[in-house]
Amino acid sequence: MTKSRTASEAAGLIGDGAVIAVNSSSGLCCPDAVLAAIGQRFEEQGHPRNLTSIHPIAAGDMFGTKGVDHIARKGLLSRIIGGSYPSGPTKAEPPLIWQMISNNELPAYNVPSGVVFDMLREAAAKRPGVLTKVGMGTFVDPDDEACAMNKAAKAAPIVRREKFDGDEWLYFPAITPDVAIIRATTADENGNLTFEHEGAYLGAMEMALAAHNNGGVVIAQVKRIAKNGSLRPHDVRVAGILVDVIVETPEQLQTTATQYDPAISGELIRPLSTFSTPEFNVAKVIARRVAQELKSGWAVNIGFGISANVPRIFAEEGLHGAVTWMIEQGAVGGIPLLDFKFGCSANAEAFVTSPHQFCYFQAGGFDASLLSFLEVDKNGSVNVSRLSAVPHRTAGAGGFVDITARARKIVFSGNFNAGAKMSIADGRLRIDQEGKIAKFVDKVDQVSFSGIRAREQKQDVTYVTERCVIVLNGNGLMVTEIAPGIDVERDVLAQSDAQIMVSDTLKTMDEALFSPGLIGLELESAR
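All values derive from a computational prediction rather than experimental measurement.

Chemist: What is the right way to read the nonpolar core from this model?
Modeler: Generally speaking, soluble globular proteins have nonpolar side chains that are buried together. Grouped together as the largest cluster of nonpolar side chains are 126 residues, with contacts concentrated most on Val111, Phe172, Leu193, Phe412, Phe440 and Tyr463. Element by element, the count of residues in this core is highest for helix 7 (residues 282-291), at six residues. Excluding residues that lie within four positions of it along the chain, Leu193 makes contacts with Ile182, Ala184, Thr186, Ala187, Ala220, Val222, Asp235, Val236, Arg237, Val238 and Val243. Residues Leu77, Met100, Ala108 and Ile181 belong to the second largest nonpolar core, which totals 33 residues.

This is the structure:
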């Protein structure tokens, strides 16, 4: 019996009250056609109703892939658990899912992406749940917000503290999906799946196992269907014995705004000369200074924001390959891409599954992480996950909490405050108009990273801005470097709502950072 179905037929297999798990990262691997069919069926038939949707990483975005917004309808969706959510420009209309969350129309949870994958893995093995230290001291912790994004979620907690083997842990009960909705490039007639045009595997296998092992349905959206026996066994990432339904969608995008780029899927190695060089501006100055924190031979995680340009700094300075970049979606090596393609890497050395990547991150197996910040408080805690005035401006925490939980070295980057107008001339930074919104504050709006816990764990934490470098030590925040042209009292301390100390050995940042030419980046060897 053929497994091939239309998207509408696949949507018809989802019953009222079902728990669905969706494998996606914005537009990357997003099974958008199936999600659209679920929304269309609800419009026409009023079913399925009261779904719980689980998204380890955001399904869809605000730039052309609707994803979860297809099913963000009152009556259709009754609960959502996400590592991240669609995000976009401040002035754009919020996605439908954000409107539902803000209006308290359903319980919504922001659970670290790696932990969501762990919950699905435990469900697949019929184990009770996840014991983890990830999230302790942050908004994830039941002593804080317990992952709740609104009042409806606060009334139904998803995490609790538990004592086990003489220690205290966060406990997330496993959640079993009735339906797994995944995407690949090719399926053979038996449902064996290959990912040759995809930029990641994400957690397709884990989701398929979780649904299948518990009597659920696995729906796979693919670009094409091949004859049985025509796929190389080593290329198959999800075995056909786990797949119930195949939905052929020839027009599926590789990722948002990208029909197909063979460099994203590792089928083509792009010349380094084809990668753009960052424009010389304040953001490039910050990225350059971040680059100076690294050592040759390191494995370095890259997050969204200013730090995403650090690999291009390395390429420009002739140091491509000196460190290995890695991102939570699973790419190892190469150059992580920007904008709509963030989450993908060109010229990657390897693709691993997101659950394996998060296991590596959660245990601190890598050397350093380069991340952004929205706010930093007097304790060194960072908010990256909530901007209360414009919730859809941020995607939530994603893998940030997993990555920072035990990272040995973290370099946060961002502008010192919001709204400042600055210029660079003659190797010096000038503040033309001061910003009105402090980003170094007495207390962050949401604790995505706990500075208190970081000090307890002796993590190496640095905050790089355009006007100074700050480190977290045993007493709090301390300025250790100042940009040329900047006065520490006027331009740093007076513009901070957080208490910041100044080092007795305050240095001036390298003037080369503030000049258009190469900076002559040199790296100490990690060996």
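Chemist: Where do I start with the layout of surface pockets in this structure?
Modeler: Where empty space is left becomes clear once a probe the size of a water molecule has been rolled over the atoms. Taken as a whole, the second largest pocket spans an internal volume of roughly 310 Å³. Forming the walls of the second largest pocket are 21 residues, and the residues nearest its centre are Trp98, Ile101, Met149, Asn150 and Arg386. Elements that contribute at least two residues to the lining of the second largest pocket include exactly helix 3 (96-102) and helix 5 (151-154). It is helix 3 that contributes the most residues to the lining of the second largest pocket, three residues altogether. Its residues placed into classes, the lining of the second largest pocket shows eight nonpolar, nine polar and four charged.

Chemist: What should I look at first to understand the sheet that holds strand 6 (residues 129-132) in this one?
Modeler: Sheets are built from strands that pair by backbone hydrogen bonding, the pairs being arranged parallel or antiparallel. The strand order across the open sheet built from three strands is 6-8-7, with neighbouring strands paired in antiparallel fashion. With one partner strand each, in any of the chains shown, strand 6 and strand 7 (160-164) form the two edges of the open sheet. Taken pair by pair, the neighbouring strands of this sheet meet at an average axis angle of 40°, ignoring direction. Set on the sheet, helix 4 (residues 113-124) makes contact with strand 6 and strand 8 (167-173); between it and strand 6 the angle comes to about 135°.

Chemist: Teacher, can you tell me more about empty space enclosed by the protein here?
Modeler: Under the defined criterion, the tally for this structure stands at three cavities of 30 Å³ or more. One number sums up the size of the largest cavity: a volume of about 90 Å³. If you trace the largest cavity, you find 14 residues lining it, with Met136, Thr138, Thr404, Ala405 and Arg453 closest to the centre. Put simply, the parts of the chain that give the lining of the largest cavity at least two residues each are helix 10 (400-404) and helix 11 (451-456). Looking at the lining of the largest cavity, its residues break down into five nonpolar, seven polar and two charged.

Chemist: Is there a simple way to explain the packing of aromatic side chains in this structure?
Modeler: Here the distance between the centres and the angle between the planes together describe a pair of aromatic rings. Taken as a whole and judged by the stated rule, the model has 14 aromatic pairs. Taking 6.0 Å as the distance between ring centres and 40° as the angle between the ring planes, the aromatic pair formed by Tyr360 and Phe361 counts as tilted. Residue Tyr360 is classed as partly exposed on the basis of its relative accessible area of 28%. Judged by centre distance (4.8 Å) and plane angle (20°), the ring pair of Phe416 and Phe440 falls under stacked. Of this pair, Phe416 sits in the loop between strand 25 (409-413) and strand 26 (417-418) while Phe440 sits in strand 30 (residues 440-441), and the two are 24 residues apart along the sequence. For Phe416, a relative accessible area of 0% translates into the label buried. The class of Phe440 is buried, set by a relative accessible area of 0%. Feature note: the residues Phe117, Phe358, Tyr360, Phe361 and Phe366 constitute an aromatic cluster, connected by ring pairs.

Chemist: I keep staring at the environment of Ser8 and nothing clicks. Help me out?
Modeler: With respect to the secondary-structure elements, Ser8 resides in helix 1 (residues 7-11). Along the chain, Ser8 and Asp487 lie 479 residues apart, while their C-alpha atoms are 63 Å from each other.

Chemist: What exactly am I supposed to notice about the pattern of salt bridges here?
Modeler: Two side chains carrying opposite charge are able to pair once their charged atoms lie near each other. Counted according to the given criterion, the structure contains 26 salt bridges. Asp141 serves as the salt-bridge partner of Arg161, at 2.5 Å between the closest nitrogen and oxygen. One end of the pair, Arg161, is in strand 7; the other, Asp141, is in the loop between strand 6 and helix 5, with 20 residues separating them in the sequence. On the basis of relative accessible area, Arg161 is assigned to the partly exposed category, the value being 26%. The partner of Arg289 in a salt bridge is Glu293, with the nearest N and O atoms 2.9 Å apart. Residue Glu293 is classed as buried on the basis of its relative accessible area, which comes to 17%.

Calculation criteria
Residues numbered from 1 in each chain as written. Predicted model: local features only at pLDDT ≥ 70, side-chain atom pairs only at ≥ 80, totals over all residues. Heavy atoms only, no water. Core = buried A, V, L, I, M, F, W, Y, C linked by side-chain atoms within 4.5 Å. Buried < 20%, exposed > 50% of the residue type's maximum accessible area, 1.4 Å probe, protein only. Helix = DSSP H or I, 4+ residues; strand = E, 2+ residues; numbered from the N terminus. Contact = heavy atoms within 4.5 Å. 1 Å grid on protein atoms, 1.4 Å probe; cavity = no way out; pocket = protein on both sides within 12 Å on 5 of 7 lines; lining within 4 Å. Points joined across faces, edges and corners; volume = space filled by probe spheres on them. Nonpolar A, V, L, I, M, F, W, Y, C, P; charged D, E, K, R; others polar. Pairing = 2+ DSSP bridges. Axes fitted to C-alpha atoms, helices over the stretch in contact; angles between N-to-C directions. Phe/Tyr/Trp six-rings, centres within 6.5 Å; stacked < 30°, edge-to-face > 60°. Salt bridge = Lys/Arg side-chain N within 4 Å of Asp/Glu carboxyl O.

Keep in mind these numbers describe shape, not what the thing actually does.
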